[in-house]
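Breakdown of the fold
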Amino acid sequence: MRLFLILITTLTVCCTPAEQEQTKQSTTKNQPNIIFIMTDDHAKNAMSLYGSELINTPNLDRIGRDGMVFNRSYVTNSICGPSRAVFLTGKYSHINGFRDNSDAFDGSQMTYPKILQQNGYYTGVVGKWHLKSKPQGFDYWNVLIDQGDYYNPTMVHMGDTIDHTGYTTSIITDLAIEVLNQQVPADKPFCLMVHHKAPHRNWMPDSVHLALGEQTYPLPENFYDSYENRPAAAQQDQSISQMFMSSDMKLKPSLIQVETGTGGAGDNSNIAAGWQRLYDRLTDEQKKTWDAYYDPISDDFFNRNLSGNELLEWKYQRYINDYLKCIMSVDENVGRLLTYLEEQGTLDNTLIIYTSDQGFYLGEHGWYDKRFMYEESFGMPLVMRYPPLIKPGSVNNNLVLNLDFAPTLMELLGIETNEPWQGSSYLSLLNGTQEEIHQDGIYYHYYEYPHGWHKVKRHYGVSTSRYKLIHFYHDIDHWELFDLQQDPMEMNNIYSTADPELIKEMKEKLVGLQDRYGDEVAKGYN
Ligand code: CA
């Protein structure tokens, strides 16, 4: 706490270069470093600290066990680019301008890395960026092009395009350690964003994990969902039954000339050829390990001639096997980074954050992918470790948002800005003083429809700790209400049967949040 108070008194956003220089000189000692690790599409159900029955993630868990685990961390818009833009700006999609993946990020706007840089931090980002425009506010950036590849990625290092050989999760970690070792000036604290591609579709595991073989995993309770009273849920295109036989199931490219799954693509005519191209990017050595694992799976599949639920459950097992192996690489590489910091003696002086850009469906409702305001994709893992501030073993059950991250960081570092953040700082949750935030609930708005992938209809909503109200709009006008206490899997839409007082109260909260955040477009659909 003493360190924290020192920080509060010393850090400010300054105005002139001379003042900036003075601030840097007076504040560089003892400032916490920051490592912000973010994965892409990591579901809480695939992290053992959240009670996963599917996987053991000791290194990710360690961050939460040594610090705080947030059980109810959510996004404002459950899709890759938009979530990243919200983390960076602390503002909703309709304010920062990145509503869906067809948008490009306006990099001229204020972001938390820019503010840290102005306050004497060495700032860097390595890995997935996915915002189309060039990273701004960084002393170092080395990012994947668009979604990036699982193997042998091409990355852009400060404008220079460089081809790498190897597995991307490991390469991103190698580069992160290299930056910490060689680039960060000795007299500066650093903020390094380590952003992995994994475990984004199409889930290509590292060869070392193929040795583990295929396992059989339990089906989620609501795998066979009939979507009663939930027409938007019925009309999506993200069902496991429609996954690509080529790039998702990874049948041998030479045996799949025509893709039969819709896969959420709208047009699937190029998918089989795309899978062939992905396979062709592997080195001869990588292909050898790959074929040794996937050829027998392919042969077995064509011999068995599966159909109906047998085929569907085969697809689920195939998907989960590959997805989890990608997480195993993340876990091991996060462990490698923690060990490095420990060896350098900087672990306890570094705020470590692990999160994902949103959650994901691992067969719940019969789905993969994200987008919906339902719990599995609305929520994501969030753990933080920083012993000077956060008591080890802390568990938090408050609602927090990706929107809150930037203002939280500012308050934690004692940086005062005039930036009109829309999020709320949850520093009081981290340091144990526990001021309630988001008492009026948390607000959500998803936009990518009818363009884009997966046909998830536009919707917005409000969630309190117990109830969730959702309105699907555009080419549908449909309301849903869930009691998360009675119905945590959100199978029973009680909108038409609930106490009218409850509906009124939730709608008042919804309008209140739309007013507060200035979401006039959504208000027009209420
Ligand atoms: Ca994502």
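Not measured: the values here are computed from a predicted model. (Residues numbered from 1 in each chain as written. Predicted model: local features only at pLDDT ≥ 70, side-chain atom pairs only at ≥ 80, totals over all residues. Heavy atoms only, no water.)

1. Some points on the overall build of the protein chain
Across its full length, the protein chain carries 17 helices and 16 strands. A compact globule built from 526 residues should have a C-alpha radius of gyration of about 24 Å, and the protein chain, at 23 Å, falls within 12% of that. Seen along its three principal axes, the alpha-carbon backbone of the protein chain occupies a region of about 70 × 65 × 40 Å. In the protein chain, buried positions account for 62% of the 526 residues. In the protein chain, 69% of the contacts between residues at least 6 apart in sequence involve partners at least 24 apart. (Helix = DSSP H or I, 4+ residues; strand = E, 2+ residues; numbered from the N terminus. Rg over C-alpha atoms; globule rule 2.2 N^0.38 Å. Buried < 20%, exposed > 50% of the residue type's maximum accessible area, 1.4 Å probe, protein only. Contact = heavy atoms within 4.5 Å.)

2. Regarding the sheet that holds strand S2 (residues 68–70)
Strand order across the open sheet formed by 10 strands is S7-S6-S5-S4-S8-S1-S9-S10-S2-S11, with mixed pairing between neighbours. Strands at the two margins of the open sheet, each flanked by one partner only, are strand S7 (160–163) and strand S11 (394–396). The average undirected angle you get between the axes of adjacent strands in this sheet is 15°. Taken together, the six bridges between strand S4 (residues 122–127) and strand S8 (residues 190–195) define a ladder with parallel strand orientation. Residue pairing across strands places glycine 127 opposite histidine 195, the latter belonging to S8. (Pairing = 2+ DSSP bridges. Axes fitted to C-alpha atoms, helices over the stretch in contact; angles between N-to-C directions.)

3. A closer look at the sheet that holds strand S16 (residues 478–483)
Adjacent strands of a sheet form backbone hydrogen bonds with each other and so pair up, either parallel or antiparallel. Ordered in space as S13-S14-S15-S16, the four strands form an open sheet in which the pairing is antiparallel. Since the sheet does not close on itself, it has two edges, and those belong to strand S13 (442–446) and S16, each with one partner. Looking at each pair of strands side by side, their axes are set apart by 15° on average, direction ignored. Inspection of the sheet shows strand S15 (residues 467–472) paired to S16 by six bridges, in the antiparallel sense. Counterpart to tyrosine 467 in the pairing with S16 is aspartate 483. Where helix H16 (residues 500–517) meets the sheet, its contacts fall on S13, strand S14 (459–463), S15 and S16, and the angle it forms with S14 comes to roughly 110°.

4. A closer look at the coordination of the calcium ion
The protein atoms donating to the calcium ion are Asp40 (OD), Asp41 (OD), Cys80 (SG), Asp357 (OD), Asp357 (OD) and Gln358 (OE1), with metal-donor distances spanning 2.2 to 2.7 Å. One way to put it: the six donor atoms around the calcium ion meet at angles of 52 to 165°, and that makes the site irregular. Site description for the calcium ion: donor spacing in sequence, D-D-x38-C-x276-D-Q. Placement of the pair is aspartate 40 in the loop between strand S1 (33–39) and helix H3 (58–65) and glutamine 358 in the loop between strand S9 (350–356) and helix H13 (375–378), with a sequence separation of 318 residues. We classify aspartate 40 as buried; its relative accessible area is 0%. (Donors = N, O, S within 2.8 Å, 3.2 Å for Na, K, Ca; no water. Tetrahedral: all angles 85-135°; square planar, octahedral: opposite > 155°, others 65-115°.)

5. Re the pattern of salt bridges
One pass over the structure, following the stated rule, counts 28 salt bridges. The residue aspartate 225 makes a salt bridge to arginine 230 at a minimum N-O spacing of 2.9 Å. Summarising the burial analysis for this pair, aspartate 225 and arginine 230 share the class buried. The salt bridge involving lysine 468 is made with glutamate 490; its shortest N-O contact spans 2.6 Å. Highlighted residues: lysine 468 in strand S15 and glutamate 490 in the loop between S16 and H16, separated in sequence by 22 residues. (Salt bridge = Lys/Arg side-chain N within 4 Å of Asp/Glu carboxyl O.)

6. Side note on the packing of helix H7 (residues 168–182) against helix H12 (residues 308–344)
At a minimum axis distance of 9 Å, the contact between H7 and H12 shows a crossing angle of 15°. Our classification of the angle between H7 and H12 gives roughly parallel. Taken as a pair, H7 and H12 cross one another with a handedness that is right-handed. Listed contacts from H12 to Thr169, Ser170, Thr173, Asp174, Ile177, Leu180 and Asn181 of H7 are Ser329, Val330, Asn333, Arg336, Leu337, Tyr340 and Leu341. Looking at side-chain class alone, the contact of H7 with H12 contains six nonpolar, six polar and two charged residues. (Parallel < 35°, antiparallel > 145°, perpendicular 65-115°, else oblique. Left-handed = near helix turned anticlockwise from the far one by under 90°. Nonpolar A, V, L, I, M, F, W, Y, C, P; charged D, E, K, R; others polar.)

7. What to know about the environment of valine 69
Assignment of secondary structure puts valine 69 in strand S2. Under the relative-accessibility criterion, valine 69 is labelled buried at 7%. Expressed as a C-alpha distance, the spacing of valine 69 and lysine 188, which sit 119 residues apart in the sequence, is 29 Å. Not counting the four nearest positions on each side in its chain, valine 69 is found in contact with Leu49, Tyr50, Gly64, Leu382, Val383, Ser394, Val395 and Asn396.

8. Brief notes about helix H11 (residues 284–304)
When the terminal C-alpha atoms of H11 are compared, their 29 Å separation across 21 residues agrees well with the 30 Å that a helix rising 1.5 Å per residue should span. At aspartate 291, H11 is bent by approximately 35°, the largest bend along its length. Here H11 has its buried residues at Gln286, Lys287, Trp290, Asp291, Tyr293, Tyr294, Ile297, Ser298 and Phe301. Taken together, the buried residues of H11 touch helix H8 (207–210), helix H10 (271–280) and H12. Asparagine 305 sits one or two positions beyond H11 and adopts a positive phi of about 55°. (Expected span 1.5 Å × (residues − 1). Bend = angle between axes of the 7 residues up to and from the residue.)

9. Let's talk about H16
Compared with an ideal rise of 1.5 Å per residue, which puts 18 residues at 26 Å, H16 spans 26 Å between its outermost C-alpha atoms and is within 8% of the ideal. Along H16, the residues that are buried comprise Leu502, Ile503, Met506, Lys509, Leu510, Leu513, Gln514 and Tyr517. The buried side chains of H16 occupy one side of the element, clustering within an arc of 135° when seen end-on. The exposed residues of H16 that point more than 90 degrees off its buried face are Pro500 and Glu501. For H16, the elements touching its buried residues are helix H5 (93–96), S13, S14, S15, S16 and helix H17 (520–523). Looking one or two residues past H16, glycine 518 carries a phi angle of roughly 70°, positive in sign. (Arc of directions from axis to C-beta.)

Any link to function would need more than the numbers given here.
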